Amino acid sequence: MKSMLTHSFVLDALETSGGDTFSHFEMLVEEHRRLEAEGSGRPSRLKQLVPTVGTFHTRLPLRQAFEVYNEKYKLTKRKHIQISFNEIRHIMNLAQVMAMRGVCEPKDGSKEGDAEVKDAESTDCKNSVEEFNGPKMITFDGDQTLYSDGSNFDSNPRLANYLYELVHSGVTVAVVTAAGYEYNVEKYEFRLSGLLNYFKSKNLTDEECQRFYLFGGECNYLMRLGNDFRLHPVKETGPGGWITATKYLPDSPGNWSEEEIQTLLDTSEKAVTESLNDQNLRGRVIRKRRSIGLVPESGQTIPREALDETVLRCQSKLSMMNEGIGSNLSFCAFNGGRDVWVDVGNKKVGVQVLGAYLGVDASDILHIGDQFLNTGNDYAARDVCPCIWITSPDETTYILKRILKLSGVEYELDNEKVAAGILSGNTASMVDFAELDRRTTAVKEMDVFTGDFKK
């Protein structure tokens, strides 16, 4: 895509041909979707050009997204700097958000996707606000998506406001995180304490609380927000249990045997330990119930190259299990930015299981994360639902703003100083912070790698 746009830029023709180029991409995507739906086995032109291309769960109005983005940022007016990878990523993200609306008609009478549509908000949607004209469920990565890597959700009042508006508008919101503290809910609550207290300050109803979930360990520990604004484990087995209800899915945790789990963990631990020793890294290996981690020693950092090397070693070792067939279980070996983890299961399983448990179709789910390279843990989610690739909580905030605007939801931002005080706990408000004090008075910080509280 960038290469084709470069040709137009070099010929000083981006202003006249840029829209047509994105229309061509849009046509290739639609052809790819049609051939996949037919199941003919014949590769699309897009598949031939990009053999690793995945599944497109919705159409992508790429030309419209390009025109909206260009109208704001004037890409086609530049003479010396061509369109960048990040700008293409932003346009793709915008196209995906646009695609998840219901049937909308532009106010000027043209059809959605026409070149005349200049503003993504200039549409009259047939859906009522109560139905929310957008995704029915949005899942989020944690680190570097909702909060900075290794930090807690305690300093982004605008993002908290947008998450509240989504839950209030009927959207299921779920944090699908690699953080695996089993069902020790206090450890997850500690990292989300600001957001949970913000929800409490907004007086969410019981029904609204039940639309907020957290899936820990990628897909291993499912929790839901209660009307006490604390996380509660969701029943696993028996009638109504999430594991029992989703056992029909081939990759569901309900189909994993303990022997297979331990074999995968043993193989992963051996690969991580070898990498640690071979590269003389200043780190340590951690084994949890469903994961193996390589984390830096206190005050040390592990180079990105060494982290990627460890990930690829693990992926190679696991792919050679069972005489080269690979592991019987889904797994995720990924570079977390500061550490490496190998989890039993992955976000593909997490998103798919949660969607099946709640009865939400894949095309109505949107996953937002920052790790979409082949060494990242959001990568696998592409197989089961539309995805948005962001690089920071600020970008997440912007994406949610666009979703809310396109959905037709009318809202007002809270006073940011007041909201910031609620997140941090430094305000005299209607919120009772006794619960927050209970979690934090005896501790100064939490080791995000192990979940242990430091005295």
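About the thresholds
- Residues numbered from 1 in each chain as written.
- Predicted model: local features only at pLDDT ≥ 70, side-chain atom pairs only at ≥ 80, totals over all residues.
- Heavy atoms only, no water.
- Helix = DSSP H or I, 4+ residues; strand = E, 2+ residues; numbered from the N terminus.
- Buried < 20%, exposed > 50% of the residue type's maximum accessible area, 1.4 Å probe, protein only.
- Contact = heavy atoms within 4.5 Å.
- Areas by Shrake-Rupley, 256 points an atom, 1.4 Å probe, with all protein chains shown as cover.
- Right-handed = clockwise from strand over helix to strand, strands pointing away.
- Pairing = 2+ DSSP bridges.
- Axes fitted to C-alpha atoms, helices over the stretch in contact; angles between N-to-C directions.
- pLDDT = per-residue confidence, 0-100.
- Phe/Tyr/Trp six-rings, centres within 6.5 Å; stacked < 30°, edge-to-face > 60°.
- Lys NZ or Arg CZ within 6 Å of the ring centre and 35° of its normal.
- Salt bridge = Lys/Arg side-chain N within 4 Å of Asp/Glu carboxyl O.
- Core = buried A, V, L, I, M, F, W, Y, C linked by side-chain atoms within 4.5 Å.
- Parallel < 35°, antiparallel > 145°, perpendicular 65-115°, else oblique.
- Left-handed = near helix turned anticlockwise from the far one by under 90°.
- Nonpolar A, V, L, I, M, F, W, Y, C, P; charged D, E, K, R; others polar.
- 1 Å grid on protein atoms, 1.4 Å probe; cavity = no way out; pocket = protein on both sides within 12 Å on 5 of 7 lines; lining within 4 Å.
- Points joined across faces, edges and corners; volume = space filled by probe spheres on them.
- Expected span 1.5 Å × (residues − 1).

For the rest of this paragraph, the subject is the overall build of the protein. The helix and strand inventory of the protein stands at 16 helices and 15 strands. Relative to its 455 residues, the protein shows a buried fraction of 53%. For the protein, the proportion of contacts with a sequence separation of at least 24, taken over those separated by at least 6, is 66%. Counting every atom, the protein has about 20700 Å² of accessible surface; 48% of that belongs to carbon and sulfur.

The next thing to look at is the pairing of strand S3 (residues 137–140). Covered by surrounding structure in S3 are Met137 and Thr139 together with Ile138 and Phe140, the residues of both alternating faces. Following the backbone out of S3, through helix H6 (residues 157–168) and into the adjacent parallel strand S4 (residues 172–176), one traces a crossover that is right-handed. Bridge count between S3 and strand S12 (residues 365–369): four bridges; the pairing is parallel. Paired with Met137 across the two strands is Ile365, which belongs to S12.

Moving on, we get to the sheet that holds strand S9 (residues 291–296). The four strands are arranged S8-S9-S11-S10 in an open sheet whose pairing can be described as antiparallel. Each of the sheet's edge strands pairs with one partner strand only, and the pair in question is strand S8 (283–287) and strand S10 (331–335). With strand direction ignored, the average angle separating the axes of adjacent strands in the sheet is 15°. On top of the sheet, helix H10 (residues 258–278) reaches S8, S9, S10 and strand S11 (340–344); it is set at about 175° to S8, its chief contact.

This paragraph deals with the confidence of the model for the protein. Averaged over every residue, the pLDDT of the protein is 87; the share at 70 or more is 87%. Throughout residues 103–129 the model reports pLDDT below 50, and contacts reaching past four residues in sequence, or to other chains, amount to 52 contacts. Contacts for the low-pLDDT stretch residues 438–444, under 50 throughout, to residues beyond four places or in other chains number 15 contacts.

Once that is clear, we can look at the packing of aromatic side chains. Taken as a whole and assessed by the stated rule, the structure comprises nine aromatic pairs. Ring plane angle 90° and centroid distance 5.2 Å describe the contact between Phe215 and Trp242, whose orientation is recorded as edge-to-face. Separated by 27 residues along the polypeptide, Phe215 in strand S5 (residues 212–216) and Trp242 in helix H9 (residues 242–245) bring together distant segments of the chain. Residue classification places Trp242 among the buried positions, given a relative accessible area of 0%. Members of the aromatic cluster, connected to one another through ring pairs, are Phe22, Phe25 and Phe66. Cation over ring: Arg382 sits above Tyr379, and NZ or CZ is 4.1 Å from the ring centre.

So, about the pattern of salt bridges. Applying the stated rule across the entire model yields 22 salt bridges. Note that Glu31 is salt-bridged to Arg45, the shortest N-O span being 3.1 Å. With Glu31 in helix H2 (residues 14–38) and Arg45 in helix H3 (residues 45–49), the pair connects residues that are 14 residues apart, well separated along the chain. Arg45 sits in the partly exposed class, given a relative accessible area of 40%. Taken together, the salt bridges that share partners define one network made up of Asp20, Arg63 and Glu67.

Moving on to the nonpolar core. In this structure, Phe153, Leu163, Leu166, Phe199 and Phe212 are the most contacted members of the largest nonpolar core, which totals 79 residues. Grouped together as the second largest cluster of nonpolar side chains are 44 residues, Ile243, Ala271, Val272 and Cys314 included.

Here the focus is the sheet that holds S4. Taken in spatial order, the seven strands make up an open sheet running S7-S6-S5-S4-S3-S12-S13, and their pairing is mixed. Bordering the open sheet on either side are strand S7 (231–233) and strand S13 (387–389), each of which pairs with just one other strand. The mean angle between the axes of side-by-side strands here comes to 25°, regardless of whether they run parallel or antiparallel. Examined bridge by bridge, S3 and S4 share four bridges and lie parallel to one another. Looking across to S4, one finds that Phe140 is bridged to Val175.

Helix-helix packing: each pair is described by the crossing angle between the helix axes and the interaxial distance. Closest axis-to-axis distance for the helix H4 (residues 62–73)/helix H5 (residues 85–99) pair is 8 Å, and the angle between their directions is 120°. With respect to H5, the element H4 is oriented oblique. Once H4 is placed against H5, the crossing between them reads as right-handed. Contacts between H4 and H5 pair Leu62, Gln64, Ala65, Phe66, Val68 and Tyr69 from the former with Glu87, His90, Ile91, Met92, Leu94, Ala95 and Met98 from the latter. Class assignment of the residues belonging to the contact of H4 with H5 gives a composition of 10 nonpolar, two polar and one charged.

Counted as a void, the largest pocket has a volume near 1200 Å³. Lining the largest pocket we find 33 residues, and of these Met1, Val53, Phe56, Met92 and Arg382 sit closest to its centre. Mapped by element, the contributors of at least two residues to the lining of the largest pocket are helix H1 (2–10), H2, H3, H5 and S13. Its residues assigned to classes, the lining of the largest pocket comprises 22 nonpolar, eight polar and three charged.

Take helix H11 (residues 304–319) next. With 16 residues, H11 should reach 22 Å at 1.5 Å per residue; the first-to-last C-alpha distance of 23 Å fits that figure. Considered for burial, the residues of H11 that qualify are Ala306, Leu307, Asp308, Thr310, Val311, Cys314 and Leu318. If you follow the buried residues of H11, they end up packed against H10, S9, helix H12 (321–324), S10 and S11.

As paired elements, S8 and S9 share five bridges and run antiparallel to each other. In the strand pairing of S9, Arg284 is matched with Val295. Hairpin remark: S8 followed by S9, antiparallel, with three residues in the connecting loop.

On to unusual backbone geometry, then. Notably, Lys74 is not glycine yet its phi reads approximately 55°, a positive angle. Here Lys74 lies in the loop between H4 and H5. A relative accessible area of 39% means that Lys74 is categorised as partly exposed. Phi at Asn322 takes a positive value of approximately 55°, unusual for a residue other than glycine. Considering the arrangement of structural elements, one finds Asn322 in helix H12. Note on Asn322: relative accessible area 37%, which makes it partly exposed.

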